[in-house]
Amino acid sequence: MRLLFLGDIVGRAGRRAAVEAIPRLRKRYDLDFVVINAENAAGGFGITETIHLELIDAGADAVTLGNHAFDQKDTLVFIERQDRLIRPINFPPGTPGRGAALLKARNGADVLVINAMGRVFMNEIDCPFRAIDNELQACPLNTGADAILIDFHAEATSEKQALGHFLDGRVSVVVGTHTHTPTSDERILSGGTAYMSDAGMCGDYNSVLGMDPGEPISRFLTRLPRERFEPALGPATVAGLAVEIDDRTGLATRVKSLRLGGVLEPTEPLFWVE
């Protein structure tokens with residue numbers, strides 16, 4: 001199986017770049033499954049149903065969220081009818097939507113996608129380790145799902161690494177989101193799980209985490225909000241993680257970061273090019 005995960009979409013620039021890139025990447029690499037985090041897709045804060053459907057129409061199989069999941073209040077309603085839109089599984093009981101979804105890949109495989117949110121330097125929330133563990137007991141690799149991807153939306157690298165080792169050998173991929181800065185630590189852990197601390201963002205990297213630099217700089221200087229954050233509108237980089245998964249074991253065999261366009265040094269998963 002060939003799986004691609006794309007990091008947090010930030011604003012219009014990131015959204016346009018992702019929508020343009022997904023069908024091209026699906027065709028170029030004959031992708032079986034594509035997941036994208038879009039919790040910052042609507043003006044930098046949350047997601048709308050129109051944007052979600054635009055991403056699905058472009059070729060995304062699942063869309064994950066994070067701490068900004070419900071910044072657009074309509075999400076509380078439409079998330080219930082969108083079974084490919086996945087919010088953190090460790091939100092409190094009764095939160096609308098779902099934290100995991102078992103979806104069909106283009107090669108016929110069943111892929112379990114789980115979104116979870118960290119607790120270090122984040123808002124108070126239930127334990128992500130236990131929440132994911134409970135889901136895996138209900139739908140384990142090989143017997144319940146052919147592949148399992150975890151989008152861990154967290155701030156602390158230590159928490160992300162700990163989760164990676166906690167799940168090593170039990171899931172196909174653990175990839176971090178939230179910091180909007182791609183790390184260079186993509187690898188396969190000893191038990192066969194592909195891991196990356198942060199996939200980065202789909203957005204303008206001439207920015208402060210995808211936002212126009214003016215307001216963030218002002219707040220660092222004065223400690224006072226002057227106006228709302230606005231997404232940067234320059235050329236966007238599409239950043240993510242490409243993983244090849246063994247169809248027999250559900251574990252990773254190859255992994256590589258992907259960066260296209262914008263200002264970052266480009267990387268592509270050349271092991272998929274004939």
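Details of the structure are given in the entry above.
This write-up is about the structure you can find in this document. Computed from a predicted model, the values in this text were never measured in an experiment. (Residues numbered from 1 in each chain as written. Predicted model: local features only at pLDDT ≥ 70, side-chain atom pairs only at ≥ 80, totals over all residues. Heavy atoms only, no water.)

The subject of this paragraph is the sheet that holds strand E11 (residues 194-196). As summarised here, the arrangement of the 6 strands in space is E6-E7-E8-E9-E11-E10, forming an open sheet in which the pairing is mixed. The sheet is open, and its two edges are formed by strand E6 (100-104) and strand E10 (187-188), each paired on a single side. The pairing of strand E7 (residues 110-117) with strand E8 (residues 147-153) spans 7 bridges and is classified as parallel. The residue of E8 that forms the bridge with Met117 is His153. (Pairing = 2+ DSSP bridges. Helix = DSSP H or I, 4+ residues; strand = E, 2+ residues; numbered from the N terminus.)

A word on the pairing of strand E1 (residues 2-6). Taken across its 5 residues, E1 has 5 buried, putting it largely inside the fold. Burial along E1 is two-sided: the residues Arg2, Leu4 and Leu6 and Leu3 and Phe5 are all buried. Inspection of the sheet shows E1 paired to strand E13 (residues 238-245) by 5 bridges, in the antiparallel sense. Its bridge partner being in E13, Phe5 is matched across the sheet by Leu241. As paired strands, E1 and strand E3 (residues 33-37) are joined by 4 bridges and run parallel to one another. Residue pairing for E3: Phe5 is matched across the bridge by Val35. (Buried < 20%, exposed > 50% of the residue type's maximum accessible area, 1.4 Å probe, protein only.)

With that out of the way, let us pick up the environment of Ile114. Note on placement: Ile114 falls in strand E7. Its relative accessible area of 0% is what places Ile114 among the buried residues. Along the primary structure Ile114 and Asp151 are separated by 37 residues, whereas in three dimensions their C-alpha atoms are 6.3 Å apart. In this structure Ile114 touches Ile89, Gly99, Ala100, Ile132, Glu135, Leu136, Ile148, Leu149, Ile150 and Asp151, once residues within four positions along its chain are discounted. (Contact = heavy atoms within 4.5 Å.)

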